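# Coordinate analysis (summary)
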Amino acid sequence: MKLITHNMLTSNIIKGVKNGFPLKINAVKVENITVDYNRDFITRMLPRIEYNALRSAVSDIGINESLPEVLSESLQEDDEFLKKMHKVLLEIEIEEGELICPETGRKFPIRKGIPNMLLSESEVS
Amino acid sequence: MNADSFIPRISFHSSDEKNQTAIISLESLDSGQTIDKKLTEYLNILERMDGITTSNELTQFLFVGNAGIQTHVSKESLIEIFQPFGQIIDILMPIGRPYSFIIYENKESGKEAIEQCNARSYPIGINQSNVTFYMAYVSNVPSISLNSTSYPKGLTLIENFIDDNEEKELLKLIEIDPVVQNEDHRNNRRHRRGIHYGYEFRYATNDVDTSKPLKKTIPQECQSVIHRAWILGYIKEKPDQLTVNCYEPGQVSDFRIVPRNSDIIMTDEGQVTIVPRLYRVSFTFRKVSQHQNTRQVLPVLPKSDLDAAQLEQNYVHKIYDKIADNFSHTRHSAWPGVVEFLGKFTTGSIILDVGCGNGKYMNIRNDLFMIGCDRSIGLLQICRQRNFQVFLSDCMNIPVPTNFFDGAICIAVLHHISTPERRLIALREIVRLLRPGGEVLITVWAKEQTLEDKKSFYIDNNANRKNKCHHHKTSEKKSLVCPVNDSLTKDSPIETYEDDTLSVHKSRTEFQRSDCLVSWTKVKENQQLLRYYHVYGQGELEHLIGHIVEILVMMSVSSAVAALPFLIQKSVSLSLYRDQQFKGSRTEQEKRLLQSTTLYIGNLSFFTTEEQIHELFSRAGDVKRIIMGLDRATKTPCGFCFVEYYTRKDAENGMRYINGTRLDDRIIRTDWDAGFVEGRQYGRGRSGGQVRDEFRKDYDPGRGGFGKRFQNLPMDDEKTGHLRE
């Protein structure tokens, strides 16, 4: 699971959960992979990203990547920043670990890079 | 063979210009364009399945699309066709692929082969039907099958297993048996003669009828061979069925050539071809598995939500996990409708594939961000191997934000859900995650497989590509008006049955019922796995979708394909504002707003004319009429209007593109209106204009200077001018 995918996952399907976002990450095994850099793609992806959630994801998995606190407009043109975003969003794969619902603490295991978001009948609204 | 589909024509194949030979051949009339298209199709499959790409330079590896075990082409026919161009080192026919590879000793041979054979048809398919090849050079071949002497997993070749005497004894069997002679025609399968002992082996279904044992059991002459195989531990159980096949020279079987007097033991899944030269006889011993005798108890239609969940668990989810690998091999051709749909999105669009399976649509475009979800972990693991982003979830609870995705696809998923309520939940869930204006393409299996007297691909075995194209062109596009109905079953085309037990659908026939079980044969275990299907009747999906109010466009593309495709676009969401003077319930009002074609326009200058408004709003679509908001007392424009369009779609465009734009140097505001009624054109403020102009304190040159009350200081003490907007 890449961080871009994490940025689009919520636990809002659990009964009683309002936002369920962002899911906290407990990463056990993280892999770095290489993905071709596409500036246009990253630029278009930026407005769709919940920046604060991405920052907390980065701190959750404890990688050495400092993201500026605020996503200012000038940054969105900054090549160095875009490359950093490319790396953070697309080149980190969480292979093993778990996602944790911020409201209920429900854990969703990640095995072989696949988050298991299945809920039992009694958990869904 | 469907003879109509190929037109005989004379073609000239010249090796040198002086000596032209006319050959009358049966060739399909393919234009150059379709040849390229088909070749690309096969190369795409090659890249997806084996990660092999074409080479611009000559190589000794020749790729032959449409010539694979899957397309029932034999290795022998390939040798016959390709040997004349040069020495062949090996021919690879990977299992489960619709293509083969010819490895030439000399690079130049491939070049000549392409020139001569590309896009030509050969009568080498089932029953001599025509097969057209599409060819290219590739950089390499799949490594697993590089060694031609390797056999499929589970297959062991034991040379010289029988001696000359035993061979004579065994061959006598077929000479003395008169049945063989008589059954030449009745029993011929691809021109081979067969005789059965114990049970008759049914090639069509790959099984035997255990209730009909034959009088002839395995003859005594075979016992020594069986006994030896058993003693040596090659087989664990003694066989009770034997098929003896005779092949005339030049005939083809499913097996690779086995050296004389050798025994071949197959314990695992495997399918290979043979290079036959001489008259051959094969003996195939089988052990009929006994658990086939115990009759399977079939499930019944679910009566509660819990039943439904259980049925889907046992007859959908578990089965897909079991057949994942096998299934994945058969699912690699992308349906053009989906490819076309995905082609519409702009770079960077975010798309969710609900029920992504092996991810065959997830790399159609690499400039989109695609996420897939599926209920089968087995299929998702295949997606991960291909580096796709996926998560495990069912389609009724998808853990993603609301109003977010630009698009979604849900291909061949909703027919696995077993109650109408659950189907609607899934549809609502998919619409929920789309952003307003976002679109989803849904396909489900259709119950009616015959349309306008034309059989669909699914049941028409002989259908060929050309017919398919034809069907696509004549397919009719329909726009439908959402029927709003509160009850799911009322007026619904859903069938009800007296007997609730689900029955197994007979493949390649019309569906008898909407709810049925479809079998998947797993070759390896010779086991039939049943999957639950709900095939959709005419209008059924439309009826379901009609229950969702947030939908703008529905398009059903009815065509003679087995699937029913459906396109849905989500509406622009409503603002928080509601007209307090609306006569009717809040729900009724929202329903009206979601279907309305009328927009309310606010913050206009008093001096903006109807012509100016018309000009601006016509950009979104054809405007039916404009009603200017007037001051009740003076009957002059007072800063708002209604714009009515002919279609909801145009009105949505107006909402999407014109809201917040500038007109006469003012940022105008648009919102949905439930529809114009007489009297609404007048301002509701106490002095005749709009309420907001009563209380405004600033100076607005476009709206009559200062607010009315501010102007007439001292302020009126009366509090009756209640804010209504």
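What comes next is a walk through the structure. (Residues numbered from 1 in each chain as written. Chains lettered and ligands numbered in written order. Predicted model: local features only at pLDDT ≥ 70, side-chain atom pairs only at ≥ 80, totals over all residues. Heavy atoms only, no water.)

All names here are of chain A. Within helix 3 (residues 51–61), the full set of buried residues consists of Tyr 51, Ala 53, Leu 54, Ala 57, Val 58 and Ile 61. Down the axis, helix 3 shows its buried residues gathered within 160° of arc, on one side only. Counted as exposed and oriented over 90 degrees from the buried face of helix 3: Asn 52 and Ser 59. On the buried face of helix 3, the contacting elements are helix 1 (3–6), strand 1 (24–32), helix 4 (79–90) and strand 2 (92–100). Positive backbone phi, at 60°, marks Gly 62, one or two positions downstream of helix 3. (Buried < 20%, exposed > 50% of the residue type's maximum accessible area, 1.4 Å probe, protein only. Helix = DSSP H or I, 4+ residues; strand = E, 2+ residues; numbered from the N terminus. Arc of directions from axis to C-beta. Contact = heavy atoms within 4.5 Å.)

On the surface, a cluster of nonpolar side chains totalling about 400 Å² of accessible area is made up of B:Trp230, B:Ile231, B:Leu232 and B:Tyr234. Along the chain, B:Leu232 turns up in the loop between helix 6 (223–231) and strand 13 (241–247). (Patch = residues over 30% accessible without salt bridge, like charges linked within 9 Å, V, L, I, M, F, W, Y side chains within 5 Å. Areas by Shrake-Rupley, 256 points an atom, 1.4 Å probe, with all protein chains shown as cover. Salt bridge = Lys/Arg side-chain N within 4 Å of Asp/Glu carboxyl O.)

On to the packing of helix 7 (residues 305–330) of chain B against helix 9 (residues 377–385) of chain B. Residue and element names in this part refer to chain B. Taken N-terminus to C-terminus, the directions of helix 7 and helix 9 make an angle of 40°; their axes are 7 Å apart at the nearest point. Taken together, the axes of helix 7 and helix 9 lie oblique to each other. Mapping the contact onto sequence places Tyr 320, Asp 321, Ala 324, Asp 325, Phe 327 and Ser 328 in helix 7 and Ile 377, Gly 378, Leu 379 and Ile 382 in helix 9. Here the contact of helix 7 with helix 9 is composed, by residue class, of six nonpolar, two polar and two charged. (Axes fitted to C-alpha atoms, helices over the stretch in contact; angles between N-to-C directions. Parallel < 35°, antiparallel > 145°, perpendicular 65-115°, else oblique. Nonpolar A, V, L, I, M, F, W, Y, C, P; charged D, E, K, R; others polar.)

A word on the side chain of A:His6. Tracing the backbone through its elements, the reader meets A:His6 in helix 1. What A:His6 contacts, discounting residues up to four positions off in sequence, is A:Met1, A:Phe21, A:Pro22, A:Leu23, A:Ile25, A:Ala53, A:Ala57 and A:Leu99.

All names here are of chain B. Across the sheet, four strands lie side by side as 4-5-3-8; this open sheet has antiparallel pairing. Looking along the sheet, the strands with just one partner apiece sit at the ends: strand 4 (88–92) and strand 8 (134–137). Across the sheet, the mean angle from the axis of one strand to that of its neighbour is 20°, orientation sign disregarded. Pairing geometry for strand 3 (residues 61–65) and strand 5 (residues 99–104), over five bridges, is antiparallel. Residue pairing across strands places Phe 63 opposite Phe 101, the latter belonging to strand 5. Against the sheet, helix 3 (residues 107–117) contacts strand 3, strand 5 and strand 8, and its axis sits at roughly 155° relative to strand 8. (Pairing = 2+ DSSP bridges.)

Let us now look at the pattern of salt bridges. Applying the stated criterion across every chain, the model contains 31 salt bridges over all chains. Across the pair A:Lys2 and A:Glu93 runs a salt bridge, and its minimum N-O distance is 3.1 Å. Of the two residues, A:Lys2 sits in the segment before helix 1 while A:Glu93 sits in strand 2, which places them 91 residues apart along the sequence. The burial state of A:Lys2 is the same as that of A:Glu93; both residues are buried. For B:Glu615, the salt bridge is made with B:Arg619, and the minimal N-O distance between the two is 3.8 Å.

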